[in-house]
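# Secondary and tertiary structure notes
For reference, the chains in residue letters:
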Amino acid sequence: MQNQEIRTFGRRHGKKLSARKLWLMENILPAISPKNIKKAGNFILEIGFGNGEHVRDLATTNTESVIIGAEPFVNGVAALLSAICDEKTNEVLPEYKNIRIWPDDVRDLLRETDSKFSQIWVLHPDPWPKAKHEKRRLLSAEFLNTLAKHLSPRGQIIIGTDHWEYFDWICEQIKTTKLKYSTPDMETIHTRYQQKNKANTVAPKYIIIEK
Ligand SMILES: C[S@@+](CC[C@H](N)C(=O)[O-])C[C@H]1O[C@@H](n2cnc3c(N)ncnc32)[C@H](O)[C@@H]1O
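Residues numbered from 1 in each chain as written. Predicted model: local features only at pLDDT ≥ 70, side-chain atom pairs only at ≥ 80, totals over all residues.

## Things to note about the overall build of the protein
- In terms of helices and strands, the protein carries seven helices and seven strands.
- Written out in order from the N terminus, the α and β elements of the protein read α-β-α-β-α-β-α-β-α-β-α-β-α-β.
- Since a compact globule built from 211 residues should have a radius of gyration of about 17 Å, the 17 Å found for the protein is in line with a globular shape.
- Along the three orthogonal principal directions, the C-alpha set of the protein runs to about 50 × 40 × 35 Å.
- In the protein, 79% of the contacts between residues at least 6 apart in sequence involve partners at least 24 apart. (Helix = DSSP H or I, 4+ residues; strand = E, 2+ residues; numbered from the N terminus. Rg over C-alpha atoms; globule rule 2.2 N^0.38 Å. Contact = placed C-beta atoms within 7 Å.)

## A short note on the sheet that holds strand β4 (residues 117-123)
- Strand order in the open sheet formed by seven strands is β3-β2-β1-β4-β5-β7-β6, with mixed pairing between adjacent strands. Each of the sheet's edge strands pairs with one partner strand only, and the pair in question is β3 (99-102) and β6 (180-182). Strand-to-strand, the axes of this sheet are offset by a mean angle of 20 degrees, without reference to chain direction.
- Sheet analysis places strand β5 (residues 151-161) next to strand β7 (residues 205-210), joined by five bridges and oriented antiparallel. Within the sheet, the bridge partner assigned to Gly160 lies in β7 and is Tyr206. (Pairing = 2+ DSSP bridges. Axes fitted to C-alpha atoms, helices over the stretch in contact; angles between N-to-C directions.)

## Thoughts on the environment of Asn62
- Mapped onto the secondary structure, Asn62 falls in the loop between α2 (53-61) and β2 (65-70).
- Residue Asn62 is classed as partly exposed on the basis of its 16 C-beta neighbours within 10 Å.
- In this structure, the C-alpha to C-alpha distance between Asn62 and Phe43, residues 19 residues apart in sequence, is 9.8 Å. (Buried ≥ 20, exposed ≤ 12 C-beta atoms within 10 Å, placed from the backbone.)

## Notes on the nonpolar core
- If you look at the biggest cluster of nonpolar residues, it comprises 46 residues, and the most contacted ones within it are Ile67, Leu80, Ile99 and Ile120.
- Looking at which element gives the most residues to this core, the answer is helix α3 (residues 74-84), with six residues.
- For Ile67, the residues in contact, after removing those within four places along its chain, are Ile44, Glu46, Val55, Leu58, Ala59, Asn62, Asn98 and Ile99. (Core = buried A, V, L, I, M, F, W, Y, C linked by C-beta atoms within 7 Å.)

## Examining the site of the ligand
- Taken together, 23 residues form the shell around the ligand, and within it Phe9, Gly48, Gly50, Thr191 and Tyr193 come nearest.
- Broken down by secondary-structure element, the contributors of at least two residues to the shell around the ligand are α4 (106-112) and α7 (192-196).
- Looking at the shell around the ligand, the element that brings in the most residues is α7, giving three residues.
- Residue composition of the shell around the ligand, grouped by class: 11 nonpolar, seven polar and five charged. (Near = placed C-beta within 6 Å. Nonpolar A, V, L, I, M, F, W, Y, C, P; charged D, E, K, R; others polar.)

Quick look at the structure:
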């Protein structure tokens, strides 16, 4: 369903996909949709996974959990698919069988599911630095409240950003809600965007939100 909400992401398509990636998009992606998951179990969500490095880390370090990654950027989805599938057989590798991919706006997924998540990760959300684009920022108080409804008891929302102005803005948004939060010193989580460090800051800052 196409929603009328303000778009929080940039481009959906990058360069042309290789034949293998197109094949994976057509043949593997539908089989690992979060729509196919059974209700029971521990679920972890990553929003805007980019190329999916951290989704893969989550899958191998939380082998008992189902990791759901949401990302509307087609080339990112294809990159993750390519990394989790065997180069020869194109089957999903055993260590990544707990990954599910939602190739679209996470807000549509959240409307469709009543699953609860023990962790919700948002690493380097688009900062939309220009004042006229501020309304495109994903992590508004309203959206954070929506995410909190999808947390299991003692569940956490973990946010990382190297854009310190956005960091402060998110903290201000949280203060208008009833959610609790902390800003712990954490070891840097390496992702593609973090490596680019477009904001030219020293290191990402992290926020952990709880109900
Ligand atoms: C700056 S990139 C960071 C990607 C990755 N987390 C990393 O650190 O390399 C932000 C990503 O969030 C995605 N995004 C933005 N709005 C989204 C939404 N509503 N649902 C899911 N993903 C979204 C964008 O498509 C983009 O790939």
